[in-house]
Every structure is written in structure tokens, then in C-alpha cells.
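Working through the structure, step by step
Below are the chains, spelled out letter by letter.
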Amino acid sequence: MIKINENFDKLQSSYLFSEIARRVREYQATEPPRRIIRLGIGDVTEPLPPACIAAMHRAVDEMASSATFRGYGPEQGYDFLREAIARHDYQSRGADIAADEIFVSDGAKCDTANIQELFARNIRIAIPDPVYPVYVDTNVMAGRTGAARNGRYGGLVYLAGTARNGFVPAPPKRQVDLVYLCYPNNPTGATATREQLAEWVAYARASKALILFDAAYEAFIRDPALPRSIYEIEGAREVAIEFRSFSKTAGFTGTRCAFTVVPKNCMGYTAAGEPRQLHALWNRRHTTKFNGVAYPVQRAAEAVYSPEGQQQVRALTDFYLGNAAIIRKTMKQLRMPVTGGENSPYIWVRTRDDSWSFFDRLLKEAQVVTTPGAGFGRCGEGYIRISAFNSRENVEEAMARLRELA
Ligand SMILES: *Cc1c(COP(=O)(O)O)cnc(C)c1O
């Protein structure tokens with residue numbers, strides 16, 4: 001008899017985005033008076049930058065000729081891309097990261113999920129609330145939690161993100177072994193200052209804990225005082241792994257390219273307390289289970305770092321930040337408290353009713369789809385997330401409808 005991994009039975013079934021889709025579908029069937037505008041999804045809408053398109057075309061042509069054809073590449077990614085990443089994203093900002101500490105992959109979602117294969121099952125894990133659901137669900141699947149009760153899993157340490165702490169929880173009093181941090185944050189759009197990250201780094205160093213830092217939205221940071229990488233913090237190399245992606249930076253959600261940084265002096269420990277290089281473990285895991293990102297896609301990612309690519313990516317993120325500014329302004333006019341949207345494509349809005357009631361009201365009275373904050377965790381109750389990933393026209397129309405409604 002083939003037995004299943006019963007940890008899957010613990011997963012809460014009402015997955016946020018399928019519930020949203022169900023409600024929108026049911027409402028659509030009632031023939032709404034106006035077209036529905038979707039400001040709910042965390043997916044980009046604008047096409048790839050021209051520099052990436054041109055690089056991908058050239059790479060496809062190389063694959064068409066036996067003289068330039070390429071088969072399997074290095075699992076960790078081609079040197080041309082790893083070197084461009086190390087130079088532009090890290091060394092130019094004073095973060096001491098070498099090309100061979102970068103592992104190119106097909107997504108930050110799978111990397112943040114797969115990294116936990118390196119850790120023991122009985123570690124104590126701290127997870128922010130609200131949170132990107134992948135961090136929690138993958139730990140449930142791996143058997144690192146108890147059953148769910150009132151929307152929270154036994155065994156996890158939840159770090160409450162609230163208006164009082166600006167949605168940037170401080171390190172807990174109790175000792176944890178692993179912590180997930182994401183700044184700029186999805187869903188709240190909050191950013192962490194250098195001092196706040198330094199507190200986390202000090203905490204991790206003092207307790208030999210590890211920080212998993214998800215920087216998928218770093219390209220949206222405009223405030224020069226905000227750190228873009230955890231490695232801009234002194235001492236972080238020993239205690240942090242960083243995840244980045246070209247998905248939101250350069251519109252690669254459907255093209256797929258990301259990377260994980262594992263510094264060579266970042267350590268994990270055996271039960272006996274002996275240190276082990278996490279770089280060596282991840283290298284072993286990655287080369288055993290992954291066969292590399294498509295060559296044309298890596299060439300497209302490399303083009304992000306060309307002078308034209310940099311300009312185009314900046315214009316792309318500026319465009320979404322322009323949408324975010326329009327959304328923020330409207331919420332302020334409506335006297336609804338907001339976080340995010342200045343260094344992030346997400347705007348986190350305090351609602352007057354509970355999350356799902358407010359979601360239903362915006363759907364049925366304004367024909368605008370948002371994301372109920374409660375879907376990201378207990379602390380998200382009473383909030384909605386509005387995404388700036390859409391056309392200018394749609395954002396302006398949606399905001400005009402919300403102003404009408406007020
Ligand atoms: C979109 C997103 C990612 C990127 O995922 P990919 O798999 O690289 O597309 C990672 N983390 C968060 C929090 C995200 O919202």
C-alpha cells in the first residue's frame with residue numbers, strides 16, 4: 001500500500017486566491033453593471049524590457065546552429081550571469097558577495113520552499129504574520145508544524161505585524177533557529193530600516209540562528225537610506241541567505257529566473273554543534289535536483305544589467321510605483337490608513353469592516369477586486385492589499401470608482 005505524507009492533511013484548504021476567484025466568478029455570473037478591474041493579483045502586466053527581448057532572440061539564434069548550440073549548462077547558472085549579479089547587485093553597494101555564492105534558479109518561490117531541505121525537522125521557526133503563504137505551507141508539508149487551530153499551526157512562532165510596529169516585527173524574546181523576513185514586504189508593502197535589520201542580524205548571531213531574507217521587491221526601493229540587501233548589514237554573511245527574483249524586477253513572472261545567495265561562511269550546525277557550510281549543502285542539493293535555467297532566459301536576465309537594461313527596468317518599476325502613488329493618494333483622500341506603496345508595489349489598507357466584507361463590498365459596489373488581508377494571516381484581518389500591477393488606465397478607473405463609493 002502506498003502511504004501518503006499525512007502532513008498534507010494539515011494544510012488549510014481554503015487557499016486565498018482560489019476563494020477570491022470563486023467569489024469573482026459567482027459575481028460575474030450575475031452580469032455586473034461594469035467590467036471588473038483586478039487589483040488583487042501579485043503578477044506583473046507590462047511586457048519584458050526590450051534589452052531582455054533582444055538578448056533572448058540572440059540566444060535562441062545561437063541554439064539554432066551547431067557551432068553555438070548549448071546543452072546542459074552549469075546547474076548553478078552561467079558565470080556571465082552570476083558575475084553580473086555579484087557586481088551590480090552586491091559589490092557596487094558595498095556588500096561583499098562573490099559570483100560563486102550565487103545560485104541561479106527558476107524562481108524564488110521554489111527556492112524559499114526548497115531551502116528547508118537543509119535543516120533538521122525539529123527546529124523552531126519564526127514566521128511573520130501577515131506573510132507570503134509559501135513559507136508556512138512548505139513547512140507544514142515537511143512536517144515541521146502541528147495541526148492548524150484557528151488559522152495558526154502548532155509549533156510555529158508567529159511574529160505579529162501590526163500598525164504599532166509598522167508591520168516590521170522585532171526579534172522575539174524566545175530563541176528560534178530559523179526566521180523568514182521579506183522586505184519590501186508582500187503583502188504589507190512595509191520596508192525595514194538598516195537599524196531594524198541590524199537588530200535581526202545581532203539576534204541571529206547571538207543564537208546561531210539563520211535568517212531567510214526574501215528581497216523579491218528590492219527593485220522598488222527608492223529611499224536611498226533603505227538597505228536593498230541583508231548583506232548591507234555588517235555581520236549578515238554568517239547568518240543570512242538571501243532570495244531574489246527577476247519576476248517583479250523585470251517582468252519575468254512568466255519567463256522564470258531568480259537566484260539565491262548563500263555566503264561561504266554562513267553556517268548550520270550538526271546535533272553535536274559542529275559547524276557545516278550551508279553553501280556546500282545547498283550546492284549539493286541544487287546540483288542533484290536541478291539542471292539549470294534555460295540559456296536564452298539567463299541571457300535575458302544578464303541583459304537586465306546592461307546600461308539599457310538598467311534604464312528600462314527602472315522605467316518599468318517607476319511605472320508601477322506611479323500606480324502605487326495614485327492608489328495611496330486616493331486612500332488618503334478617503335481617510336483610510338495606508339502602509340506601503342512608496343518603496344513597494346503593494347498598498348496595505350486598513351478597512352472599516354472585516355477583510356472579506358470589505359472585499360465583497362468593493363467587488364459588488366465598485367467592481368474592483370482586491371486581496372483580503374485575512375488571507376495572509378490572523379494579523380491581516382481588518383486590512384486589504386491593493387496591487388499596483390496593472391495599466392494606468394485601470395488603476396485610474398478603479399480609484400475613480402472608489403471615490404464615488406465613499
Ligand atoms: C512574487 C514573489 C516572489 C517571486 O517568486 P518567483 O517564483 O521568483 O516568481 C518571491 N517572494 C515573494 C514574497 C513574492 O511575492
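Residues numbered from 1 in each chain as written. Predicted model: local features only at pLDDT ≥ 70, side-chain atom pairs only at ≥ 80, totals over all residues. Heavy atoms only, no water.

**Things to note about helix 5 (residues 133–141)**
Here helix 5 lies mainly inside the structure; seven of its nine residues are buried. Contact partners of the buried residues in helix 5: helix 4 (108–114), strand 3 (125–129), strand 5 (152–153), strand 7 (178–182) and strand 8 (210–214). Following helix 5 by one or two positions, G143 has its phi on the positive side, about 80 degrees. (Buried < 20%, exposed > 50% of the residue type's maximum accessible area, 1.4 Å probe, protein only. Helix = DSSP H or I, 4+ residues; strand = E, 2+ residues; numbered from the N terminus. Contact = heavy atoms within 4.5 Å.)

**Topic: the side chain of T330**
Its location among the elements puts T330 in helix 10 (residues 307–333). Here T330 is in contact with M399 and R403, once residues within four sequence places are set aside.

**Examining the site of the ligand**
Taken together, 13 residues lie around the ligand, and D214, Y217, S245, S247 and K248 are the ones closest in. Between an oxygen atom of the ligand and a main-chain N or O atom of A108, the distance comes to 2.8 Å. Between the ligand and S245 there is a distance of 2.7 Å, counted from an oxygen atom to a side-chain nitrogen or oxygen. In isolation the ligand offers 390 Å² of accessible surface; the protein chains occlude 93% of this area. Elements represented by at least two residues in the shell around the ligand include exactly helix 4 and helix 7 (246–250). A breakdown of the residues in the shell around the ligand according to their chemical character gives five nonpolar, four polar and four charged. (Near = heavy atom within 4 Å. Polar contact = N/O pair within 3.5 Å; in protein donor to acceptor, adjacent residues only side chain to side chain. Areas by Shrake-Rupley, 256 points an atom, 1.4 Å probe, with all protein chains shown as cover. Nonpolar A, V, L, I, M, F, W, Y, C, P; charged D, E, K, R; others polar.)

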